[in-house]
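Take a look at the letters that make up each chain.
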Amino acid sequence: DTAVSQTPKYLVTQMGNDKSIKCEQNLGHDTMYWYKQDSKKFLKIMFSYNNKELIINETVPNRFSPKSPDKAHLNLHINSLELGDSAVYFCASSPPGAPRNYGYTFGSGTRLTVV
Amino acid sequence: AQSVTQLDSHVSVSEGTPVLLRCNYSSSYSPSLFWYVQHPNKGLQLLLKYTSAATLVKGINGFEAEFKKSETSFHLTKPSAHMSDAAEYFCVVSDPNTGNQFYFGTGTSLTVIP
């Protein structure tokens, strides 16, 4: 069973389009995250949700909107896609308690290419 | 404030020789430290973690890391490299001030030469 699953794995789309990436975890974790990995492999947090509530919202354009219908799901919707949005987006989750004690479990990533 | 520096962006070793991937951190408090591995076109997998217990931490696939507070280091080692170890490795720091936030290093790409 996949612990943290993201769909789609690959996404190629044109500038200006709106797209969504879905994430689901079956680990019973309370906290979920979205990270962006750029072309230089640098990972930066975008959002964090704990039990469906937003707790971290880094400086991200408001074209990016996370949605958490329940604590097992955290979706990422992106409006008006730009070339600079091309990256690999990783979903992650962590169990109750401080993540610093347990670490994150990552999904396999969604490679977004904007043309 | 906390940050993590991976001193080498690329490391090449021959198969069967030791691996050393260096990581230094800065943190105001006792940090938690992690190493993650990312194989090509894959997600990140936890290799090992230090959370204020034993300073020498053993992880999966024969990797280990030693927390040295005096040197603010958490270097990753393996006695003998395998071809399957070729991947990107990330050092990560978290401390009590930002309990839910991890800070990633910029990664070290490990190449294993047959």
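See the structure printed just above.
Let me sum up the structure you'll find in this document. (Residues numbered from 1 in each chain as written. Chains lettered and ligands numbered in written order. Predicted model: local features only at pLDDT ≥ 70, side-chain atom pairs only at ≥ 80, totals over all residues. Heavy atoms only, no water.)

Notes on empty space enclosed by the protein
Gaps left between atoms show up when a probe the size of a water molecule is rolled over them.
Residues and elements named next belong to chain A.
(1) Moving on: In this structure the tally under the stated criterion is one cavity of 30 Å³ or more.
(2) Moving on: Asp30, Met32, Tyr49, Asn51, Lys52, Ser68, Asp70, Lys71, His73 and Leu74 together form the lining of the largest cavity.
(3) Moving on: Going through the elements one at a time, strand 7 (64-70) and strand 8 (73-78) are the ones with two or more residues in the lining of the largest cavity.
(4) Moving on: Residues belonging to the lining of the largest cavity are distributed by class as follows: three nonpolar, three polar and four charged. (1 Å grid on protein atoms, 1.4 Å probe; cavity = no way out; pocket = protein on both sides within 12 Å on 5 of 7 lines; lining within 4 Å. Points joined across faces, edges and corners; volume = space filled by probe spheres on them. Helix = DSSP H or I, 4+ residues; strand = E, 2+ residues; numbered from the N terminus. Nonpolar A, V, L, I, M, F, W, Y, C, P; charged D, E, K, R; others polar.)

Things to note about the environment of Phe63 of chain B
All names here are of chain B.
(1) Moving on: The topology assignment puts Phe63 in the loop between strand 7 (56-58) and strand 8 (64-68).
(2) Moving on: Residue class for Phe63 comes out buried when judged on its relative accessible area of 2%.
(3) Moving on: Separated by 44 residues in the primary sequence, Phe63 and Val19 place their C-alpha atoms 8.9 Å from one another.
(4) Moving on: With residues near it in sequence (within four places) discarded, Phe63 still touches Leu47, Leu48, Val57, Lys58, Leu76, Thr77, Lys78, Asp85 and Tyr89. (Buried < 20%, exposed > 50% of the residue type's maximum accessible area, 1.4 Å probe, protein only. Contact = heavy atoms within 4.5 Å.)

Details of the layout of surface pockets
(1) Moving on: By volume, the largest pocket is sized at about 260 Å³.
(2) Moving on: Along the wall of the largest pocket there are 20 residues; nearest its centre are Gln37, Lys41, Ala87, Val88 and Arg111 of chain A.
(3) Moving on: Among the secondary structure elements, those contributing two or more residues to the lining of the largest pocket are strand 9 (87-94) and strand 11 (110-114) of chain A.
(4) Moving on: Here the residues of the lining of the largest pocket are counted per class, giving six nonpolar, nine polar and five charged.
(5) Moving on: Lining the second largest pocket are 17 residues; nearest its centre among them are Val4, Thr105, Phe106 and Gly107 of chain A together with Leu44 of chain B.

Notes on the sheet that holds strand 1 (residues 4-7) of chain A
Residue and element names in this part refer to chain A.
(1) Moving on: An order of 1-3-8-7 is seen for the four strands of this open sheet, with the pairing classed as antiparallel. Looking at the sheet topology across the chains shown, the edges are occupied by strand 1 and strand 7. Geometrically, the sheet is characterised by an average inter-axis angle of 20 degrees between neighbouring strands, direction not taken into account.
(2) Moving on: Note: strand 1 against strand 3 (residues 19-25), four bridges, orientation antiparallel. Note on strand 3: the bridge partner recorded for Thr7 is Lys22. (Pairing = 2+ DSSP bridges. Axes fitted to C-alpha atoms, helices over the stretch in contact; angles between N-to-C directions.)

Looking at the pattern of salt bridges
(1) Moving on: Tallied over the full model, the rule gives six salt bridges over all chains.
(2) Moving on: A salt bridge links Arg63 of chain A to Asp85 of chain A; the shortest N-O distance between them is 2.8 Å. Of the two residues, Arg63 of chain A is situated in the loop between strand 6 (53-57) and strand 7 and Asp85 of chain A in the loop between strand 8 and strand 9; the sequence distance between them amounts to 22 residues.
(3) Moving on: According to the relative accessible area criterion, Asp85 of chain A is buried, its value standing at 4%.
(4) Moving on: A salt bridge links Lys78 of chain B to Asp85 of chain B, with the nearest nitrogen and oxygen atoms 2.8 Å apart.
(5) Moving on: Taking the relative accessible area as the measure of exposure, Lys78 of chain B reaches 6% and is therefore buried.
(6) Moving on: We classify Asp85 of chain B as buried; its relative accessible area is 3%.
(7) Moving on: One salt-bridge network, held together by shared partners, links Arg63, Glu82 and Asp85 of chain A. (Salt bridge = Lys/Arg side-chain N within 4 Å of Asp/Glu carboxyl O.)

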